[in-house]
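Given next are the chains, with one letter for each unit.
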Amino acid sequence: EWLDNLADTPFLTRCRTGKISRDELHVFVKQHRLYSRHFTRYLAALLSNIEDDHDRQELTRNLFDEMGLGDAGNRPHSMLYLDMMHNMGITPDENPLPSTMRLIDTMLQCCKFPNYLVGLGALCLGAEGIVPYIYTMIVNSFLSMGESQENLQFFTLHIECDDEHAKTMYAIIEKELDKNQNASIDLNYGANRLIQARVDFFNGLVTCTD
């Protein structure tokens with residue numbers, strides 16, 4: 001249902017059907033950077049609420065990857081994103097759309113939530129777990145327009161590494177659900193909030209380019 005809600009947004013529908021324009025993709029790249037550059041903040045906020053030493057250590061590996069200190073490249077991912085924009089001739093935009101700002105605020109609020117399951121639901125089920133699905137459509141859209149695979153390294157890297165990050169979070173989720181089935185309420189709350197904010201984000205892109 002969550003994936004259907006995302007797939008049905010006009011922006012991703014146009015990507016999937018090959019009707020998206022380069023200008024629309026460039027708007028996505030600009031606005032998505034404003035959200036993704038805060039990813040280390042999201043992770044740090046979530047980590048601050050996790051008491052289990054092992055779980056915190058496992059998630060710290062995800063943080064190190066984002067900072068360019070782990071196995072997913074040797075540059076901070078925020079810098080990889082700027083490199084990608086430069087290579088594609090896209091000028092960064094420092095003015096977030098209202099829907100982009102809501103996405104950023106929603107993720108930070110969920111990750112800061114005292115019950116860390118809310119943040120885990122947002123970050124795993126609402127972000128890391130669906131990134132390969134979304135990014136694959138973005139990559140295919142750019143490739144269909146003749147963009148080089150090399151220029152899309154940020155997206156292709158995250159299709160792989162975010163899948164691994166999601167597996168790390170899934171393991172924590174499964175452990176929590178084994179202990180308490182009611183944990184699904186908090187997980188779903190965080191995931192639903194983030195998915196809805198992401199749907200609004202994609203809808204905001206179409207409004208911006210109309």
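Everything below is about the structure printed above this text.
Residues numbered from 1 in each chain as written. Predicted model: local features only at pLDDT ≥ 70, side-chain atom pairs only at ≥ 80, totals over all residues. Heavy atoms only, no water.

Colleague: Honestly, the overall build of the chain in this entry has me stumped. Any pointers?
Modeller: The helix and strand inventory of the chain stands at 11 helices and zero strands. For the chain, the succession of helices and strands along the chain, N to C, is α-α-α-α-α-α-α-α-α-α-α. For the chain, the C-alpha radius of gyration of 17 Å lies close to 17 Å, the compact-globule estimate for 210 residues. Considering the chain as a whole, with its 210 residues, one finds that 50% of them fall into the buried category. Here the chain contributes 18 positively and 30 negatively charged side chains, and the mean placements of these two sets differ by 5 Å. (Helix = DSSP H or I, 4+ residues; strand = E, 2+ residues; numbered from the N terminus. Rg over C-alpha atoms; globule rule 2.2 N^0.38 Å. Buried < 20%, exposed > 50% of the residue type's maximum accessible area, 1.4 Å probe, protein only. Lys, Arg positive; Asp, Glu negative; His and termini not counted. Charge placed at Lys NZ, Arg CZ, Asp CG, Glu CD.)

Colleague: I tried to follow empty space enclosed by the protein on my own but got confused; where do I start?
Modeller: Once rolled over the atoms, a probe with the size of a water molecule shows which space is left empty. A complete count under the given rule lists one cavity of 30 Å³ or more for this structure. Of the voids in this model, the largest cavity is the one considered here, and its volume is about 40 Å³. Residue lining of the largest cavity: Phe28, His32, Val131, Ile134, Tyr135, Arg198 and Phe202, and that is the complete set. Only α3 (22-36), α9 (131-144) and α11 (183-209) provide two or more residues apiece to the lining of the largest cavity. The element contributing the most residues to the lining of the largest cavity is α9, with three residues. (1 Å grid on protein atoms, 1.4 Å probe; cavity = no way out; pocket = protein on both sides within 12 Å on 5 of 7 lines; lining within 4 Å. Points joined across faces, edges and corners; volume = space filled by probe spheres on them.)

Colleague: Before we go on, may I ask you to explain the pattern of salt bridges in this structure?
Modeller: Note that side chains of opposite charge can pair when their charged atoms are close. Applying the stated criterion across every chain, the model contains eight salt bridges. For the salt bridge of Lys175 with Asp52, the shortest nitrogen-to-oxygen distance reads 4.0 Å. With Lys175 in helix α10 (residues 153-179) and Asp52 in the loop between α4 (39-47) and α5 (53-66), this pair connects stretches of sequence that are 123 residues apart. Residues Lys175 and Asp55 are paired through a salt bridge, measuring 2.8 Å at the closest nitrogen-oxygen approach. Separated by 120 residues along the polypeptide, Lys175 in helix α10 and Asp55 in helix α5 bring together distant segments of the chain. What makes Lys175 partly exposed here is its relative accessible area of 31%. (Salt bridge = Lys/Arg side-chain N within 4 Å of Asp/Glu carboxyl O.)

Colleague: Help me out: how do you make sense of the environment of Leu97 in this one?
Modeller: Structurally, Leu97 can be placed in the loop between α6 (77-87) and α7 (98-112). On the basis of relative accessible area, Leu97 is assigned to the buried category, the value being 17%. For Leu97 and Gly204, which are 107 residues apart along the polypeptide, the C-alpha to C-alpha distance reads 7.3 Å.

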